[in-house]
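# Observations on chain architecture
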Amino acid sequence: MISMQFFPSRTVTMYMAKSFLLRSFAVLAALVIVLQFLDALSESGRILAHPGNGQGEVWHYISLRTPEIIARFLPYSVLLGAIITYWTLNQNSEVIAMKASGLSAHQVLAPMIIAAIGVAAISFAFNDRIVSRATDTLNRWQKVDYAPIPIDRGDRVNIWTRSGDDLINVKLVKGRGDAATLNDVTFYDRDKAGELQATISAPHGRREGKGWRIWPAQKFDVAGGVATNLGSVVVGEGVRPDQFTLATVDADGLSFTELWSAIGDLKAAGRPTKALEGDLWHKLSGPLSSILMPLLGAVAAFGIARSGKLFVRAVIGMALGFTYFVVDNFALAMGNLGAYPPMLAAWAPFVLFLMIGEAVLIRTEE
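Please read these numbers as outputs of a predicted model, since none were measured by experiment. (Residues numbered from 1 in each chain as written. Predicted model: local features only at pLDDT ≥ 70, side-chain atom pairs only at ≥ 80, totals over all residues. Heavy atoms only, no water.)

## Concerning the pattern of salt bridges
Scanning the entire structure with this criterion turns up nine salt bridges. Between Asp145 and Arg46 there is a salt bridge; the shortest N-O distance is 3.8 Å. One end of the pair, Asp145, is in the loop between helix H4 (105-143) and strand E1 (156-163); the other, Arg46, is in helix H1 (residues 10-49), and 99 residues separate them in sequence. The class of Asp145 is partly exposed, set by a relative accessible area of 48%. We note a salt bridge from Glu68 to Arg65, for which the minimum N-O separation is 3.0 Å. One end of the pair is Glu68 and the other is Arg65, both in helix H2 (residues 55-91) and three residues apart, which spans about a single turn. When salt bridges with common partners are traced through the structure, they connect Asp39, Arg65 and Glu68 into a single cluster. (Salt bridge = Lys/Arg side-chain N within 4 Å of Asp/Glu carboxyl O. Helix = DSSP H or I, 4+ residues; strand = E, 2+ residues; numbered from the N terminus. Buried < 20%, exposed > 50% of the residue type's maximum accessible area, 1.4 Å probe, protein only.)

## Things to note about the pairing of strand E3 (residues 181-190)
With seven bridges connecting them, strand E2 (residues 166-174) and E3 associate as antiparallel partners. Residue pairing across strands places Lys174 opposite Thr181, the latter belonging to E3. Where E2 folds back on E3, the antiparallel hairpin that results is connected by six residues, among which Gly175 adopts a positive phi of roughly 85°. Examined bridge by bridge, E3 and strand E4 (residues 196-208) share nine bridges and lie antiparallel to one another. From the neighbouring strand, Thr181 faces E4, where its bridge partner is Arg206. (Pairing = 2+ DSSP bridges.)

## What to know about unusual backbone geometry
Residues Trp215 and Pro216 are joined by a peptide bond in cis, for which omega reads -25°. In this fold, Pro216 is placed in strand E5 (residues 211-221). One non-glycine residue with positive phi stands out, namely Tyr146, at about 65°. Along the chain, the position of Tyr146 falls in the loop between H4 and E1. The class of Tyr146 is buried, set by a relative accessible area of 1%.

Below you can see the structure in the form of structure tokens.
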């Protein structure tokens, strides 16, 4: 058990943690209301454009979109909540009183750091159990232009994959592995320059040897404009079943354990997973960013309010926090491109700004 001697008195600890949490969630509520209102206005036209959609579908969209907005802007809200709390404490000379009683800067911040750890835990659970499911449902709804979502039986729809220089499009894939069956297959025969030579289409397909037998097939020659019935033909030599069944993995629409499992399946199939691994570890480092916010905003807590520099300190705190989000998004993008290793892309910004926050805190304490 952590010794309470590291913290201020129980009353002060509860007072600071409560003030910090109330301000953070008040800022979050304000942001979500405004951003959700603007987002619903911009998207309602597309929702209502589908015949039969009405007010109920707009509210359904809001219920699916709100968790995403909460997850994205919770760290920002924690940053702003921390700075507002520090501003209030400094204006009322409460920080000076705590420093005069012998508390160090770390002891002053301790209640808010502990509260931020709780926020990070709630954020991870919320993202894992609610946001991922809402995102997956919303993505599938948007793919059908806000029409009724087909029942998900584990099938894959509108899959594209390569076979050398050629392309294969399958409207519906059922099953997995060698038992996978294809429906509405179109094979695009291209030369090495990428020019389309012919298309072969068929309503049915199944695995045969190292390729896929499709039937009844019809070939259309682009140059001659002639259609020919081929009957049964094998296409896609060397195309593995996982190229159809694992063609798309949406990291945002999967929980941590589901994404871990999907990455394992892709690795077993010999598919690249670096970008998904970065997204996997970011599901941990993302919520933990809430712990950094009280530390990065702490520059607003120290210094004498009447010196006239409190506003400048608050701006510096906000700048440090927003810089972290810019660097974090940049590192994640570099990880998705393969320029950074997954662990570096997910954790380097967190470790870097943890050290920066500590350095700034020590410097301001002096």
